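Coordinates in review
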Amino acid sequence: MILLHLFTGVISTSLLFLVILFARSRNKKFTALNWFFIIAEIIYLAFIIELVAGFIEEGAPQAALVIGSIFGSVAVIGAVLVLRFIILKKISHRNYETE
């Protein structure tokens, strides 16, 4: 189980660095609020992995399944929202002409 905790830290850190590298390669500038939501989502994902691992370690696999399903579905929805509205946000280039 100690290796799972190590892998959770590695995955969380790797996700953060992937977002940073993606932002630099696309010349994106994230605001402080955007960074807050990105980091909060990564921390939430790590929390869910550790929560499920803790339940399995305590010998309650059914509880781990239920908690993982409930919190995991919230995490997937949050990750999709962060990906769609923050990371892959496209800038609209509409020409507004005043008459």
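Here the structure is shown first, and the text comes after it.
A brief structural summary. Note that the coordinates shown come from a computational prediction; the quantities given were computed from them, not determined experimentally.

When you go through the chain residue by residue, the secondary structure sums to three helices and zero strands. In the chain, which comprises 99 residues, the share counted as buried stands at 19%. Sequence-distant contacts, at least 24 apart, represent 68% of the contacts inside the chain between residues at least 6 apart. Of the roughly 7,800 Å² of accessible surface on the chain, 70% is carried by carbon and sulfur atoms.

Here the second largest pocket is characterised by a volume of approximately 200 Å³. Around the second largest pocket, the lining residues are Leu15, Leu18, Val19, Ile38, Glu41, Ile42, Leu45, Ala79, Val82, Leu83 and Ile87. At the level of secondary structure, the elements contributing two or more residues to the lining of the second largest pocket comprise helix 1 (2-25), helix 2 (32-58) and helix 3 (61-87). Residues belonging to the lining of the second largest pocket are distributed by class as follows: 10 nonpolar, no polar and one charged.

A separate point is the side chain of Thr8. As for its position among the elements, Thr8 is in helix 1. Reaching out from Thr8, the side chain makes a polar contact with the side chain of Glu50 at a distance of 3.2 Å.

With that settled, the discussion passes to helix 1. A rise of 1.5 Å per residue sets the reference length of helix 1, with its 24 residues, at 34 Å; its end C-alpha atoms lie 35 Å apart and thus fit the reference within 8%. Inspection of helix 1 places Thr8, Ser12, Val19 and Ala23 among the buried residues, and these make up the whole buried set. Residues of helix 1 that are buried make contact with helix 2 and helix 3. Trailing helix 1 by a residue or two, Asn27 shows a phi angle of about 55 degrees, which is positive.

Another aspect to go through is the packing of aromatic side chains. We describe a pair of aromatic rings using the distance from one ring centre to the other and the angle between the two ring planes. If you walk through the whole model with that rule in mind, you get four aromatic pairs. Ring centres of Phe30 and Trp35 lie 5.2 Å apart, and the angle between their planes is 85 degrees; on these two criteria the pair is classed as edge-to-face. Overall, Phe30 belongs to the buried group, its relative accessible area being 14%. Taken together through their ring pairs, the aromatic side chains of Tyr44, Phe47 and Phe71 make up a single cluster.

The next point concerns the nonpolar core. Membership of the largest hydrophobic core is limited to eight residues, which are Val19, Ala23, Phe30, Ile38, Ile42, Val82, Ile86 and Ile87. Breaking this core down by element, the ones donating at least two residues are helix 1, helix 2 and helix 3. Looking at this core, the element that brings in the most residues is helix 3, giving three residues. With sequence-adjacent residues up to four places away left out, Ala23 is seen in contact with Lys28 and Phe30.

What counts and how
- Residues numbered from 1 in each chain as written.
- Predicted model: local features only at pLDDT ≥ 70, side-chain atom pairs only at ≥ 80, totals over all residues.
- Heavy atoms only, no water.
- Helix = DSSP H or I, 4+ residues; strand = E, 2+ residues; numbered from the N terminus.
- Buried < 20%, exposed > 50% of the residue type's maximum accessible area, 1.4 Å probe, protein only.
- Contact = heavy atoms within 4.5 Å.
- Areas by Shrake-Rupley, 256 points an atom, 1.4 Å probe, with all protein chains shown as cover.
- 1 Å grid on protein atoms, 1.4 Å probe; cavity = no way out; pocket = protein on both sides within 12 Å on 5 of 7 lines; lining within 4 Å.
- Points joined across faces, edges and corners; volume = space filled by probe spheres on them.
- Nonpolar A, V, L, I, M, F, W, Y, C, P; charged D, E, K, R; others polar.
- Polar contact = N/O pair within 3.5 Å; in protein donor to acceptor, adjacent residues only side chain to side chain.
- Expected span 1.5 Å × (residues − 1).
- Phe/Tyr/Trp six-rings, centres within 6.5 Å; stacked < 30°, edge-to-face > 60°.
- Core = buried A, V, L, I, M, F, W, Y, C linked by side-chain atoms within 4.5 Å.

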